[in-house]
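Structural characterization, general
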Amino acid sequence: MYKHILVATDGSELANKGLEQAIGLAKELSAKITVLTVTDLFPSYGIVVAPGLSTSPEIFEEYRTSMAEQAKAIVQQAIAKARDAGVTVEGLHIENQSPAVGIVEAAETHQAELIVVASHGRRGMNKLLLGSQAAEVLSLSKIPVLVVK
């Protein structure tokens, strides 16, 4: 059925539930996993709000380096979990991208047959106010998506 599963993670407890489901499914189907984390766009609103502070290329580079280090740790931890379960796995980090767009583009580029994402399952006003990356992945993807609550 599915031979290549892409699972998105931000290292959170909730995302780890999605990772566990993806690992279990991959093991059952003898599929491989691509573990993906996406670091969001640089929050430029912080620069506008902070009067009197100047911006420099160093600030952007510090931010990028910090996010890259965090992403590397998240991906390595997820890879270790998959390998411990005997699943073939590779890791991927996409920088400076909206998470939902990064997830869908990575799944297409790496020819994944299923995307696994975790979701809080927010409804109503909370969903409108807080947004939902999982809902956006569902709306953008042509590839099947498994949403884990």
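Along each chain, residue indices are assigned from 1 in the same order as the chain's sequence is written. Reporting in this predicted model follows two pLDDT cut-offs: at least 70 for local features of residues, and 80 or more for side-chain atom pairs to be given and counted; totals over whole chains, interfaces and linings ignore these cut-offs and use all residues. Hydrogen atoms and water are omitted, and side-chain values are computed over all heavy atoms in the structure.

As for unusual backbone geometry
Negative phi is the rule for most residues except glycine; trans is the rule for most peptide bonds. Positive phi, normally seen in glycine, also occurs at Ser-30, with a value near 55 degrees. Only DSSP runs of H or I with at least four residues qualify as helices, and only runs of E with at least two residues qualify as strands; both kinds are numbered from the N terminus onward. In this fold, Ser-30 is placed in the loop between α1 (13-29) and β2 (32-38). Relative accessibility decides the category of a residue: with a 1.4 Å probe and only protein chains considered, values under 20% of the type maximum give buried, values over 50% give exposed, and everything between is partly exposed. Since its relative accessible area comes to 62%, Ser-30 is described here as exposed. Of note, Gln-111 is a non-glycine position whose phi angle comes to about 55 degrees, a positive value. Relative to the helices and strands, Gln-111 resides in the loop between α4 (99-109) and β4 (114-118).

Points about the pattern of salt bridges
Any carboxyl oxygen of Asp or Glu within 4 Å of a side-chain nitrogen of Lys or Arg constitutes a salt bridge here. On inspection of all chains with the given rule, the structure shows 2 salt bridges. A salt bridge links Arg-64 to Glu-61; the shortest N-O distance between them is 3.1 Å. Of this pair, Arg-64 and Glu-61 both sit in helix α3 (residues 57-84), separated by 3 residues, roughly a single helical turn. For Arg-64, a relative accessible area of 36% translates into the label partly exposed. On the basis of relative accessibility, which here comes to 39%, the residue Glu-61 falls in the partly exposed class. One salt bridge connects Arg-64 with Glu-95, and the closest N-O pair in it is separated by 3.0 Å. Of this pair, Arg-64 sits in helix α3 while Glu-95 sits in the loop between β3 (89-94) and α4; the two residues are 31 residues apart in sequence, bridging distant segments of the chain. Of the residues examined, Glu-95 reaches a relative accessible area of 38% and is grouped as partly exposed. Taken together, the shared-partner salt bridges connect Glu-61, Arg-64 and Glu-95 into one network.

A few points about the side chain of His-4
Tracing the backbone shows His-4 in strand β1 (residues 4-8). Under the rule applied, a polar contact is a pair of N or O atoms within 3.5 Å (in protein, one hydrogen donor and one hydrogen acceptor; residues adjacent in sequence only if both atoms are side-chain atoms). Polar side-chain contacts of His-4 include one of 2.6 Å to the side chain of Thr-34. The contact rule is simple, with two residues in contact once any of their heavy atoms fall within 4.5 Å. With sequence-adjacent residues up to four places away left out, His-4 is seen in contact with Ala-31, Lys-32, Ile-33, Thr-34, Glu-90, His-110, Gln-111, Ala-112, Glu-113 and Leu-114.

Notes on the environment of Asp-10
Positionally, Asp-10 belongs in the loop between β1 and α1. In this structure, the C-alpha to C-alpha distance between Asp-10 and Gln-70, residues 60 residues apart in sequence, is 9.3 Å. Setting aside residues up to four positions removed in sequence, Asp-10 forms contacts with Ala-15, Thr-37 and Ile-74. Side chain to side chain, Asp-10 and Ser-12 meet in a polar contact 2.7 Å long.

Side note on the packing of α1 against α3
Packing of α1 against α3 brings their axes to within 10 Å, and their N-to-C directions diverge by 35 degrees. Considering how the two elements wind past one another, α1 and α3 form a crossing that is right-handed. The residues of α3 that touch α1, namely those facing Asn-16, Leu-19 and Ile-23, are Ala-78, Lys-81 and Ala-82. Looking at the contact of α1 with α3, its residues break down into 4 nonpolar, 1 polar and 1 charged. Helix axes are fitted only over the stretch in contact, all axes being lines through C-alpha atoms; the angle between N-to-C directions runs from 0 to 180 degrees. A crossing counts as left-handed when the near helix is turned anticlockwise from the far one by less than a right angle, and as right-handed when that turn is clockwise. In the scheme used here, Gly and all other residues not listed as nonpolar or charged are polar, with Ala, Val, Leu, Ile, Met, Phe, Trp, Tyr, Cys and Pro taken as nonpolar and Asp, Glu, Lys and Arg as charged.

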